[in-house]
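# Structural features, examined
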Amino acid sequence: MKAPLALCVLASLATSALADTGASRLDEVLQRGTLSVCTTGDYKPYTSLRADGRYEGIDIAMAESLAKSLNARIQWVPTTWKTLMPDFLAQRCDIAVGGISVSLERQKKAFFSQSLGVDGKIPLVRCADVQRYQSVEQINQPQVRVIEPAGGTNEVFARTHLGKAQIRLHDNVTIFDELLAGKADVMITDASEARFQQKLKPGLCAVNPDKQMQYSEKAFLLPRDDVAWKSYVDQWLHLSVATGVYDGIVNQWLAAP
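Residues numbered from 1 in each chain as written. Predicted model: local features only at pLDDT ≥ 70, side-chain atom pairs only at ≥ 80, totals over all residues. Heavy atoms only, no water.

As recorded in an unreviewed UniProt entry, the chain goes by Transporter substrate-binding domain-containing protein and comes from Pseudomonas quebecensis. UniProt lists a comment for the chain under the heading Sequence similarities (unreviewed entry), and it reads "Belongs to the bacterial solute-binding protein 3 family." (UniProt positions renumbered as here; feature names shortened; annotations may be inferred.)

## A look at the sheet that holds strand 2 (residues 42-43)
Pairing within the open sheet is antiparallel, and its 3 strands lie in the order 2-3-4. Bordering the open sheet on either side are strand 2 and strand 4 (55-56), each of which pairs with just one other strand. Examined bridge by bridge, strand 2 and strand 3 (residues 47-49) share 2 bridges and lie antiparallel to one another. Looking at strand 3, one finds that Asp42 is bridged to Ser48. (Pairing = 2+ DSSP bridges. Helix = DSSP H or I, 4+ residues; strand = E, 2+ residues; numbered from the N terminus.)

## With respect to the packing of aromatic side chains
Evaluation of the coordinates by the stated rule reveals 6 aromatic pairs. Summarising the aromatic geometry, the rings of Tyr43 and Tyr46 are spaced 5.4 Å apart at their centres and angled 50 degrees between planes, so their arrangement reads as tilted. Just as Tyr43 is buried, Tyr46 falls in that class too. By the ring-pair criterion, three or more aromatic residues cluster together here, those being Tyr43, Tyr46 and Trp81. (Phe/Tyr/Trp six-rings, centres within 6.5 Å; stacked < 30°, edge-to-face > 60°. Buried < 20%, exposed > 50% of the residue type's maximum accessible area, 1.4 Å probe, protein only.)

## Looking at the state of the cysteines
Summed over the entire model, instances satisfying the criterion amount to 2 disulfides. Shown here is the disulfide that connects Cys38 with Cys93, its sulfur atoms set 2.1 Å apart. The chirality of the disulfide connecting Cys38 with Cys93 is left-handed, given an S-S dihedral of about -100 degrees. A residue pair is termed long-range when its members are at least 10 positions apart, and Cys38 in strand 1 (residues 34-39) and Cys93 in the loop between helix 4 (84-89) and strand 6 (95-96) qualify at 55 residues. The burial state of Cys38 is the same as that of Cys93; both residues are buried. Across the disulfide from Cys127 sits Cys205; the S-S distance is 2.1 Å. The S-S bond linking Cys127 to Cys205 shows a torsion near 90 degrees; that makes this disulfide right-handed. Within this pair, whereas Cys127 is found in the loop between strand 9 (121-126) and helix 6 (136-139), its partner Cys205 is found in strand 13 (residues 204-206), the two being separated by 78 residues in sequence. Given a relative accessible area of 32%, Cys127 falls into the partly exposed group. (Disulfide = S-S within 2.5 Å.)

Below, the structure written as structure tokens:
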């Protein structure tokens, strides 16, 4: 009789533990009909805040697709790279999107969706300076002026690997004009952003975009320990990739002119 009694106790405890976890974010989104999405709006081609107040970009279109699959409307929650994790931990949003790099520091506090692909760090420089800034060693010099947005993985890379260089923080919208104007020499960023900006800003060049200085992946940020919500987002993302929806959105932004 002892074994069945023990099993009953364990089952009771397991049921109580599950009850204590509360409803999944999936259930909450379905019930309220709203999907709250954190995004910085300053990282083309993934997220950009237009002058008319609307967001656009690869991840913006994907978030709209996710909301449609849930029969929900989107509530955009503005954030910055510096405040992204505090805003997320404060439960201001159900998901965060916009070219977010996977990192172990973020993983300690949140879940990530399945990866959206590899996208490592490279230098973005004036085209005349491409040969001068081919490596970390060439950039990590006292006379080199490095410029980065605050709070993201670009700044982390610069402070970790470019300690001898002059590092200055700047907003991620006009930062490219600072490079063009000669007010900075190098920006370390993801290959996708560097490639996109060299198309937008003639005179800027991505340095060795196929030979990244650091391995990195992109994904969506999700609440930690909410397995049901992560499973739904991952399955939706898997189907988006398998059916060509994701590639169609990416090609709208990254296809060669």
